Amino acid sequence: MSSKNTNNFGGKAMITRAIKDSFLKLDPKVQVKNPVMFLVYISSILTSVLYVFALFGYKDAAPGFILGTAIILWFTVLFANFAEAIAEGRGKAQADALRASKKDVEAHKIESIATKEMSIAVPSTSLKKGDLVIVHAGEQIPADGEVIDGAASVDESAITGESAPVIRESGGDRSAVTGGTTVISDWIVIEVTSEAGESFLDKMIAMVEGASRKKTPNEIALEILLIALTVIFILVTASLYSYSDFSAKQAGIDNPISITSLVALLVCLAPTTIGALLSAIGIAGMSRLNQANVLAMSGRAIEAAGDVDILMLDKTGTITLGNRQAYAFIPVDGATEEEVADAAQLSSLADETPEGRSIVVLAKEKFGIRGRNLSELHMEFIPFTAKTRMSGVDFNGIEIRKGAAEAVKEYVLQNGAKYSKQCEEAVKAISNQGGTPLVVAKNYKILGVIHLKDIIKQGVKEKFADLRKMGIKTIMITGDNPLTAAAIAAEAGVDDFLAEATPEGKLEMIRDFQAKGHLVAMTGDGTNDAPALAQADVAVAMNTGTQAAKEAGNMVDLDSSPTKLIDIVRIGKQLLMTRGSLTTFSIANDLAKYFAIIPALFMGLYPGLSKLNIMGLHSAESAIFSAVIYNALIIVALIPLALKGVKYREVSATKLLTRNLWIYGVGGIITPFIAIKIIDVFITAIGFIR
Amino acid sequence: MQAILQYGFYLIILVVLAIPLGSYMGKVMNGEKVFLSKILLPCENFIYRMLKIDKKEDMHWKKYAMCTLAFNAIGFAFLYLLLVLQRFLPLNPENIEGNSWHLAFNTASSFITNTNWQAYSGENALSYFSQMMGLTVQNFVSAAVGIVVLFALIRGFVRVEEKGVGNFFIDMTRTILYVLIPLSIVVTLGIASQGVVQSFKPYETVTLVEPIELEDGSVVTEQVVPLGPAASQIAIKQLGTNGGGFMGANSAHPLENPTPFSNLLEMISILLIPAALCFTFGRNVKDKKQGIAIFSAMFIMLVIALSVIAVNEHAATPQLAQEGAVNILAENQAGGNMEGKEARFGIATSGTWAAFTTAASNGSVNSMHDSYTPIGGMVTMLLMQLGEVVFGGVGCGLYGMLGFAILTVFIAGLMVGRTPEYLGKKIEPFEMKMAVLVCLATPIGILVGSGIAALIPTIADSLNNSGAHGFSELLYAYSSAGGNNGSAFAGFNANTPFLNVSIGIVMLFARFAPMVATLAIAGSLVGKKKVAVSVGTLPTHNALFVALLIFIVLLIGALSFFPALALGPIAEYFQMIA
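Residue numbers here run from 1 along each chain, matching the order of that chain's written sequence. Whichever chain is written first becomes A and whichever ligand is written first becomes 1, with later ones labelled in order. Only residues with pLDDT of 70 or above have their local features reported here, since the model is predicted, and side-chain atom pairs are shown and tallied only from 80 upward, although totals for entire chains, interfaces and linings are computed over all residues. In computing side-chain properties, one takes all heavy atoms of the structure into account and sets aside hydrogens as well as water.

Asker: Looking at this structure, how should I read the overall build of chain A?
Answerer: Labels follow the DSSP assignment, with helices taken as runs of H or I lasting at least four residues and strands as runs of E lasting at least two, numbered in each case from the N terminus. Helices and strands together make up the secondary structure of chain A, namely 24 helices and 20 strands. The quantity called the radius of gyration is restricted to C-alpha atoms. Its globule counterpart is 2.2 Å times the number of residues to the power 0.38. A globule of 690 residues ought to have a C-alpha radius of gyration of about 26 Å, yet chain A, at 34 Å, is considerably larger. For chain A, the spread of C-alpha atoms along the principal axes amounts to about 120 × 60 × 45 Å. The buried share among the 690 residues of chain A stands at 56%. Total accessible area on chain A stands at roughly 27,500 Å², and carbon and sulfur atoms take up 58% of it. In this tally Asp and Glu are treated as negative and Lys and Arg as positive; neither His nor the chain ends contributes. Charged groups are reduced to one reference atom each: NZ for lysine, CZ for arginine, CG for aspartic acid, CD for glutamic acid. Positive and negative charge centroids in chain A, built from 67 and 73 side chains respectively, lie 7 Å apart. Buried means the residue's accessible area, taken with a 1.4 Å probe over protein chains only, is under 20% of the maximum for its type, while exposed means over 50%, and partly exposed covers the values in between. Per-residue and other accessible areas follow the Shrake-Rupley method at a 1.4 Å probe size, with only the shown protein chains counted as cover for residues.

What follows is the structure, encoded as structure tokens:
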């Protein structure tokens, strides 16, 4: 994670800003978007009006009681606004930082690559799709585009937060550049792929700021439930007025309940806790994703991540360390292991590839063979080429070669030596174990085989086991042959693998899984990944990837880390769990509120109902106040949970449900009984209530 | 101890009979071959030919819903005219007048909605023709409508990426022909053998064995015994969770329910089909455990309700026990609260019936719920207020419960970190909208209806009692309408224009809003693909889910009705023990 993204939630400036926003959000146009809180908003206005009436003689209830209720209700609304504002705060801060990098710069437009020396300076905002621009070292890239000529190192820290520059070059999968990043060395010619205002940076700002945040289907469904409950509670309180009127008439007394107390009851019963926190939960989920340096193109994608039950993971970088490493030297045809090691080390001294280095390291570890003075031996190194598929060294008439079995076989046979059966078997054995064999020959005589092995990352096996407990299957995607793939798959503990993977193969596999009712997540970077990315339910494109891949995916991973998928799934699940848990908590709370308010309202009518006052609240007024105050304070109390998300564990659905039901269901029933009692004792003690 | 055995016996018989019937109905729903096919298949095909029904047609949910509504609208019009014009129709030996417009509206609404709320007394207000051609016909078809809508919903869960939810006419024909008629014949014969009347003769006047002297000194020596084709109507009234009695006193009347055996038959018939449909559901969604889970949730709630009623009725009230007025703990005679209960049934049988009839939205009674202890009476009321989902009406009880199951998976599904799904189908905003309508139509109907009624100044005239119990009578009436139950707190006089119309509207709303919503859910689910099951999927067939489902049903019920009940039975209870 970058330093830029580690803003402190509790930062003073951010809180000040959130408090200011809480008041700005009192605008009815904002309020009406959240139906449950809109009800509280209306109730606040209603009680305020009743208070004014009371001052002029029309008394619904004691003016002090009405005023107290009105004030608490206004605070309830403000607390809900604050929850949303504080959740938005982080995104806003991030958006500000991004905006700072989105300056209007001068772009050097050119006609064609051939005439790249003749550029015209134009403002970056005037660039159109398809325009060509040249960017030199030290200049900012004016718009999103594809590199079509040249290569340069680019500082993308403005977007990724990663300070190490990356290489961008024409052709291949590293050709996409983002407007707002800076070229550090060399030059590149870019074909512009987005118009001003629609660039990646613009989208990113909109997303982190929450401006383009639409309610997700799941949020809408939940809101329907909340609205329905609210409607029921409106009917409950309205009918209670008439029931009370009826009962009072039967007893020959006046209707004992005031509108104020009914409004208080309504606000307490309505699912205000979840209503107030719902949007904060959604924004915070998005924010957590941004913190993980992943940019989701829609909130829906995060929810889909929670549902994913198939993860298609690239082998390299996710399951295995990026490169193969030398694991063993296997001598053949009478050579010793040390001879093999010695020759292998010599041939690898100048080999700067990770494989080559690992051979040197292994030789040193096993036999203490140290680096030698290269110039003294007059060594001439033969680099690896695609044609020879071998590398090696010539010195003092000695010729050492190492390479793929087929290549070395051809090389020795051509030079009149033999390729033994023993060697062939050693090669085969290594392949069967999922390794890569490199055959080593000295003066056309085969000494042995180097066993290069994929090194499984530490902890992945446990990770996959955890995922399996949650019902998520992992599929390893690799270009290796099926034999190698199977061996690695078994070692890493993935559920299945796709060997010799082609883009078409991936696409087909995703379609197969989806047809069986699974939801599939994958990562990809190349242009040829685009169709599979477009098909997958959750598609994470690497930021280093091509423009096509980025457009096909519904998330972009700015770190381009292949393990990110697992984090994304966790964030998705956590978001949904938080939503469900707080809904449960909110509804479960109502029981205690009934026990506080109903006896308070009707003790006069039916004295026997005072037995329902099981909390032993001080008086009718204090009971109603305590319930309403609890109702307001619980919103504030739960803001940290809404922002952080409920605790998440990789266990089965049943275990998760049991756990959350205990905490938020049973806890939701018990907590308000205790809290309302405490508030009652407190407000009575300080004399807020007679 | 003996009483506990009795309660257990009733419950066991119910389960033993429901399981095979469930799989039988499953076959009927799918059009599979059953043992009656040989006889009934020709009849079935004959009906299709006569009515020009295309056997191959698979209806989109909207068409299915239109057919359902149109069918009910026609049934309503027909029944309304019949009731108003019965004076001019045959089989009216007592020359009973036509019903008033509002009573006819109420009765027609009541019978097409499978409620069978009766603002009249059958022996005084209806001709034999109205009873048979009007009410009994609706007893069959309104029950069948509930079942076919359930079938459509089940298809919604079963079918994958299709459009149709079944054929309304075929479902109706099969349900009536293969399920309701055969069962009715069995029950009719059973109860007729016990002495339930089945006759077209005029009422008979008989001489009393023991003349009765009234308070004013006059002596009554004769009694009119009402007759009629009762047995056949009573069988379907019980089986189809209709509940509308042939006589005003319903199954407390000796000619509707003469013996312990007839009582057993009638009582088991109340819950038989609703309970069996749970197994039909499990069988046809190809996961029997799902059906058992839903059944268990309903069964547990029934047992709880039954226990509370039983304990309270056996314990009676301090007032009854005062100075030894009633020997509550009598060993050899019926002790406890026997007010309003038939001596030949006693507390266990009356209490069980009360629980069964309000759990199912049946509404027939063999004792007067008005006379129950406050808490005993509250439980009968609450069972209706829960939305009639503790078995509930035939078909509609289960689809109501599935609505609650959808709410439950929604909340629980989120808590396991997935967007909710039920039986492999994703629950999205549209399903949610419809599910809340299914679950909340009953509370809405009850709260609005009783809320308005409580404000009407003349309402007190309809009440038999004042104070908290008077309020309970009012609340019970609307709960009965909102739950499409049809039973009443006996003292309530409902035959006034306001009550007839308002209760009629509540019945219609509480019946058809959830029905259309259910079909909409079916239509939406049928087009969805099925999500694969993994350990990450919320299981909906284990004890945890059953507990959660019960909790959600009780919670919604409690949240909706706690204040109302506090002013009625709960207040009365505290008065009683004060």
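Asker: How do you make sense of the packing of helix H14 (residues 396-415) of chain B against helix H18 (residues 543-577) of chain B when you look at a structure like this?
Answerer: Two measures define how a pair of helices packs: the angle their axes make with one another and the distance between the axes. Residue and element names in this part refer to chain B. Orientation is described by axes fitted as lines to C-alpha atoms, over the contacting stretch for helices, and by angles from 0 to 180 degrees between their N-to-C directions. Between H14 and H18, whose axes approach to 9 Å, the crossing angle comes to 110 degrees. Viewed along their axes, H14 and H18 adopt a mutual orientation that is roughly perpendicular. Of the residues in H18, those in contact with Met401, Phe404, Ala405, Leu407, Thr408, Val409, Ile411 and Ala412 of H14 are Phe545, Leu548, Leu549, Ile552, Val553 and Ile556. Side-chain classes are defined by residue name, with Ala, Val, Leu, Ile, Met, Phe, Trp, Tyr, Cys and Pro counting as nonpolar, Asp, Glu, Lys and Arg as charged, and the others, Gly among them, as polar. Grouping the amino acids of the contact of H14 with H18 by side-chain chemistry returns 13 nonpolar, one polar and no charged. Every angle not falling under 35 degrees, over 145, or within 65 to 115 is termed oblique; those three ranges are roughly parallel, roughly antiparallel and roughly perpendicular. Contacts between residues were defined by any pair of non-hydrogen atoms, one from each residue, lying within 4.5 Å.

Asker: So what exactly am I meant to see when it comes to the packing of aromatic side chains here?
Answerer: Geometry of an aromatic ring pair is reported as the spacing of the ring centres plus the angle between the planes. In this analysis, rings of Phe, Tyr and Trp, with Trp reduced to its six-membered ring, are considered paired at centre separations within 6.5 Å, and the interplanar angle assigns stacked below 30 degrees, edge-to-face beyond 60, and tilted for intermediate values. In this structure the tally under the stated criterion is 27 aromatic pairs over all chains. Ring plane angle 50 degrees and centroid distance 6.1 Å describe the contact between Phe9 of chain B and Tyr10 of chain B, whose orientation is recorded as tilted. Ring geometry for Tyr476 of chain B against Phe489 of chain B: centres 4.3 Å apart, planes inclined by 20 degrees, an arrangement best described as stacked. Taken together, the residues span a long stretch of sequence, with Tyr476 of chain B in helix H16 (residues 467-482) and Phe489 of chain B in the loop between H16 and helix H17 (497-526) at a distance of 13 residues. Look at Tyr476 of chain B and you get buried, because its relative accessible area is 0%. On the accessibility criterion, Phe489 of chain B (3% relative accessible area) is buried. Of the aromatic side chains, those joined through ring pairs into one cluster are Tyr594, Phe595 and Phe673 of chain A together with Phe562 of chain B. Comment: the charge-over-ring label is applied if NZ (Lys) or CZ (Arg) is within 6 Å of the ring centre and within 35 degrees of the ring normal. Positioned above the aromatic ring of Tyr327 of chain A is the side chain of Lys453 of chain A, whose terminal nitrogen or guanidinium carbon lies 4.1 Å from the ring centre. Positioned above the aromatic ring of Tyr372 of chain B is the side chain of Lys341 of chain B, whose terminal nitrogen or guanidinium carbon lies 4.0 Å from the ring centre.

Asker: Would you mind going over the UniProt feature "binding site: ATP" (unreviewed entry) in chain A with me for this structure?
Answerer: All names here are of chain A. UniProt positions are given in the numbering used here, feature names are shortened, and annotations may be inferred rather than shown by experiment. Per the UniProt entry, the sites bearing "binding site: ATP" (unreviewed entry) are Asp351, Glu355, Phe384, Thr385, Ala386, Lys387, Thr388, Arg389, Met390, Ser391 and Lys402 in this numbering. Inspection of the secondary structure assignment puts Thr388 in the loop between strand E11 (380-382) and strand E12 (390-395). Residue class for Thr388 comes out partly exposed when judged on its relative accessible area of 39%. Structurally, Met390 is set in strand E12. In this structure, Met390 is in contact with Pro383, Phe384, Thr385, Arg401, Lys402, Gly403, Ala407, Val408 and Tyr411, ignoring residues within four places of it in sequence.

Asker: What should I look at first to understand the pairing of E12 of chain A in this one?
Answerer: Residue and element names in this part refer to chain A. Burial of E12 is extensive: five of the six residues sit out of reach of the surface. In this scheme, strands are said to pair when DSSP sees at least two bridges between them. When E11 meets E12, the two strands line up antiparallel, connected through three bridges. When the sheet's bridge partners are listed, Ile382 is paired in E12 with Gly392. The pairing of E12 with strand E13 (residues 398-403) spans six bridges and is classified as antiparallel. The residue of E13 that forms the bridge with Asp394 is Glu399. Counted between consecutive antiparallel strands, the loop separating E12 from E13 contains two residues, among which Asn396 sits at a positive phi close to 45 degrees.

Asker: Can you help me understand the confidence of the model for chain B in this one?
Answerer: The predicted coordinates of low-pLDDT regions are not to be read in fine detail. Per-residue confidence from the predictor is given as pLDDT, running between 0 and 100. Of the residues in chain B, 98% have a pLDDT of 70 or more, and the chain-wide mean is 90. Reported for the predicted complex are a pTM of 0.86 and an ipTM of 0.92.

Asker: Sorry, what's going on with the sheet that holds strand E16 (residues 473-477) of chain A here?
Answerer: Hydrogen bonds between backbone atoms are what pair the strands of a sheet, whose relative direction is either parallel or antiparallel. All names here are of chain A. Across the sheet, which stays open at both edges, the seven strands sit in the order E8-E20-E19-E18-E9-E16-E17 with mixed pairing between neighbours. Strands at the two margins of the open sheet, each flanked by one partner only, are strand E8 (294-296) and strand E17 (496-498). Direction aside, the axes of adjacent strands within the sheet are offset by 20 degrees on average. In this fold helix H17 (residues 482-492) packs onto E16 and E17, with an angle of close to 150 degrees to the strand it touches most, E17.

Asker: What is the right way to look at helix H18 (residues 503-515) of chain A in this model?
Answerer: In an α-helix, one full turn covers 3.6 residues, which means residues spaced three or four apart are oriented alike. Residues and elements named next belong to chain A. Spanning 13 residues, H18 covers 18 Å between terminal C-alpha atoms, matching the ideal 18 Å at 1.5 Å per step. If you check which residues of H18 are buried, you get Lys506, Leu507, Met509, Ile510, Phe513 and Gln514. Seen end-on, H18 carries its buried residues on one side only, within an arc spanning 165 degrees. Opposite the buried face of H18, at more than 90 degrees from it, the exposed residues are Glu504, Glu508 and Ala515. Buried-residue contacts for H18 involve strand E9 (310-314), E16, E17, strand E18 (520-524) and helix H19 (530-535). A positive phi of about 95 degrees marks Gly517, the residue just after H18. A helix is expected to span 1.5 Å multiplied by its residue count minus one. Here the arc refers to the directions that run from the helix axis out to each C-beta atom.

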